[in-house]
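# Inside the fold
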Amino acid sequence: MPESPDRLSTDLFDYVLPERLIAQTPAPQRDASRLLVVDRAAHTVAHHRFAELGQFLRPGDTLFRNNAAVLPARLHASRPTGGHVECLLLRPATETQPTGSHAQVSSWWCLLRPGKKLPVGATFGVSDAFTATVIEKREDGTARVRFATPDGASLAEVAERLGEMPLPPYIERHVGDGHRDEDITRYQTVYANRARPVAAAAPTAGLHFTPALLAELAAAGIDRAEITLHVGLGTFRPISTGHVADHEIHRELYELPVETQEKLFAPSGRRIAVGTTSVRSIEDFLRHHDAPRDVEHIAEAALFIYPPGQFRGVDALITNFHQPRSTLLCLVSAFLAPGSTDGIAWLKEIYAEAIAHDYRFFSYGDAMLIL
């Protein structure tokens, strides 16, 4: 007898992945990544390259893409004793304030390492770049830190100059290993709004697009619509509960311009979500609104989609290959067979096919198109 959808075991979303298939670096060219095309109606899979995406799209289709930019938010600093500190900027806690000495003071929520050696009142910094003081700590491991930067520079500007990209923990990096410049460029979509970095992680399904491919799709009548979802580190947090429904999903801020809302309600073709972050934004919005608003929509998505979930505003999905026991794997399983739990077993078959053909997995890995 199948399990109740409310009591789906998290074990159903587990699989074994050879470590060699976890991509540590991006493909030499963005659109040279492989593309596994899944046809839900025909129940088939086919192997292609991402550069061939246009073969599967039609004039009038719209790509709903997350244009959130990633801040190089991992800062390396020193304590007054000389000890090393790694500070990961998560989100601003206050607005930046000018001071009489031309410095900028701001507070950010951060993850600190070593956290136990940095109690409230502890200080650290980088000479001529910033000084920092821990002013609050929470049980979830985050800390509120007050930063002061000289010469009127904002902390974001300092991070752009000195910081490293906040790569997920399964991508191994070491200080000075020569990957910083590559990661700064490649752990960012080509259409990211770089003037306003808001994400703590990249919307990775969009990493495969190139300006040339986007121009090719536009010339073929493929439309695009912008979404901004502030991707948080919660996207990497595995489900730790025994049953999927007991997991507390992370919350992420998202923004939908009026034009994007209108395209959701009056599509000229298929609505194709580029990434699970776009899906969360679209589906959260449509669960609260039955018509476009006349202003930009800004809200927090706390939507957890798992089988037998339904989808109101997504007709096709471009996504990467996700970690075992993750909320993203649950979402993709639901999308394969909306309204049932059949997608769970099918996703395992699809992933087994990808593993057998040496697809590269996770953030810097290959992609899948589900039609």
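Residues numbered from 1 in each chain as written. Predicted model: local features only at pLDDT ≥ 70, side-chain atom pairs only at ≥ 80, totals over all residues. Heavy atoms only, no water.

### What to know about the overall build of the chain
If you tally the helices and strands in the chain, you get 7 helices and 18 strands. By principal-axis analysis of the C-alpha atoms, the chain measures approximately 65 × 45 × 40 Å. The buried share among the 371 residues of the chain stands at 52%. Considering only intrachain contacts with a sequence separation of at least 6, the fraction spanning at least 24 residues in the chain is 70%. Distance from the positive charge centre (37 side chains) to the negative charge centre (45 side chains) of the chain: 3 Å. (Helix = DSSP H or I, 4+ residues; strand = E, 2+ residues; numbered from the N terminus. Buried < 20%, exposed > 50% of the residue type's maximum accessible area, 1.4 Å probe, protein only. Contact = heavy atoms within 4.5 Å. Lys, Arg positive; Asp, Glu negative; His and termini not counted. Charge placed at Lys NZ, Arg CZ, Asp CG, Glu CD.)

### Re the pattern of salt bridges
One pass over the full model with this rule turns up 16 salt bridges. Put simply, Lys263 and Glu259 hold a salt bridge, and the shortest N to O gap is 3.4 Å. You can see Lys263 and its partner Glu259 sitting in helix H4 (residues 258-265), 4 residues apart, about one turn around the helix. For Lys263, a relative accessible area of 16% translates into the label buried. Given a relative accessible area of 53%, Glu259 falls into the exposed group. In this structure, a network of salt bridges that share partners links the residues Asp11, Asp14 and Arg325. (Salt bridge = Lys/Arg side-chain N within 4 Å of Asp/Glu carboxyl O.)

### A word on the packing of helix H6 (residues 327-336) against helix H7 (residues 342-356)
Put simply, H6 and H7 touch, their axes get as near as 8 Å, and they point 110 degrees apart. The angle between H6 and H7 places the two elements in the roughly perpendicular class. The segment H6 lies against H7, with Leu329, Val332, Ser333 and Leu336 engaging Gly343, Ile344, Trp346, Leu347, Ile350 and Tyr351. Taken together, the residues that form the contact of H6 with H7 break down as 8 nonpolar, 2 polar and no charged. (Axes fitted to C-alpha atoms, helices over the stretch in contact; angles between N-to-C directions. Parallel < 35°, antiparallel > 145°, perpendicular 65-115°, else oblique. Nonpolar A, V, L, I, M, F, W, Y, C, P; charged D, E, K, R; others polar.)

### Looking at the packing of aromatic side chains
Following the criterion strictly, the structure yields 17 aromatic pairs and no others. Ring centres of Tyr15 and Tyr351 lie 5.2 Å apart, and the angle between their planes is 80 degrees; on these two criteria the pair is classed as edge-to-face. With Tyr15 in the segment before strand S1 (34-39) and Tyr351 in helix H7, this pair connects stretches of sequence that are 336 residues apart. The exposure classification of Tyr15 matches that of Tyr351, with both residues buried. Measuring from ring centre to ring centre gives 5.7 Å for Phe130 and Phe147, while their planes differ by 65 degrees; the resulting arrangement is edge-to-face. Here Phe130 is found in strand S10 (residues 130-137), whereas its partner Phe147 is found in strand S11 (residues 142-149), with 17 residues between them in sequence. On the basis of relative accessible area, Phe130 is assigned to the buried category, the value being 3%. Its relative accessible area of 0% is what places Phe147 among the buried residues. These aromatic residues form a ring-pair network of at least three members: Tyr15, Tyr170, Phe321, Tyr351, Tyr359, Phe361 and Phe362. Taking the ring centre of Tyr191 as reference, the NZ or CZ of Arg65 above it sits at 4.2 Å. The aromatic ring of Trp109 is capped on one face by Arg138, whose charged end is 3.9 Å from the ring centroid. (Phe/Tyr/Trp six-rings, centres within 6.5 Å; stacked < 30°, edge-to-face > 60°. Lys NZ or Arg CZ within 6 Å of the ring centre and 35° of its normal.)

### A word on the environment of Ala195
Structurally, Ala195 can be placed in the loop between helix H2 (180-186) and strand S12 (197-199). Spatially, the C-alpha atom of Ala195 lies 8.2 Å from that of Ala69, the residues being 126 residues apart in sequence.

### Describing the environment of Glu52
Positionally, Glu52 belongs in the loop between strand S2 (44-49) and strand S3 (62-66). Here Glu52 falls in the partly exposed class, since its relative accessible area comes to 28%. With 298 residues separating them in the primary sequence, Glu52 and Ile350 have C-alpha atoms 20 Å apart.

### Let's talk about the nonpolar core
Ranked by internal contacts, the top residues of the largest apolar core, which has 69 residues, are Tyr187, Tyr351, Phe361 and Met368. Ala73, Val85, Leu118 and Ala143 belong to the second-largest nonpolar core, a separate cluster that totals 25 residues. (Core = buried A, V, L, I, M, F, W, Y, C linked by side-chain atoms within 4.5 Å.)

### Points about helix H3 (residues 211-219)
What H3 keeps buried is the set Leu213, Leu214 and Leu217. The buried residues of H3 occupy one face: seen down the axis, they fall within an arc of 100 degrees. Looking at H3, the residues exposed on the side facing more than 90 degrees away from the buried face are Pro211, Ala212 and Ala219. Where H3 is buried, its residues meet S3 and strand S13 (223-229). In the stretch just after H3, Gly221 is the one whose phi turns positive, near 90 degrees. (Arc of directions from axis to C-beta.)

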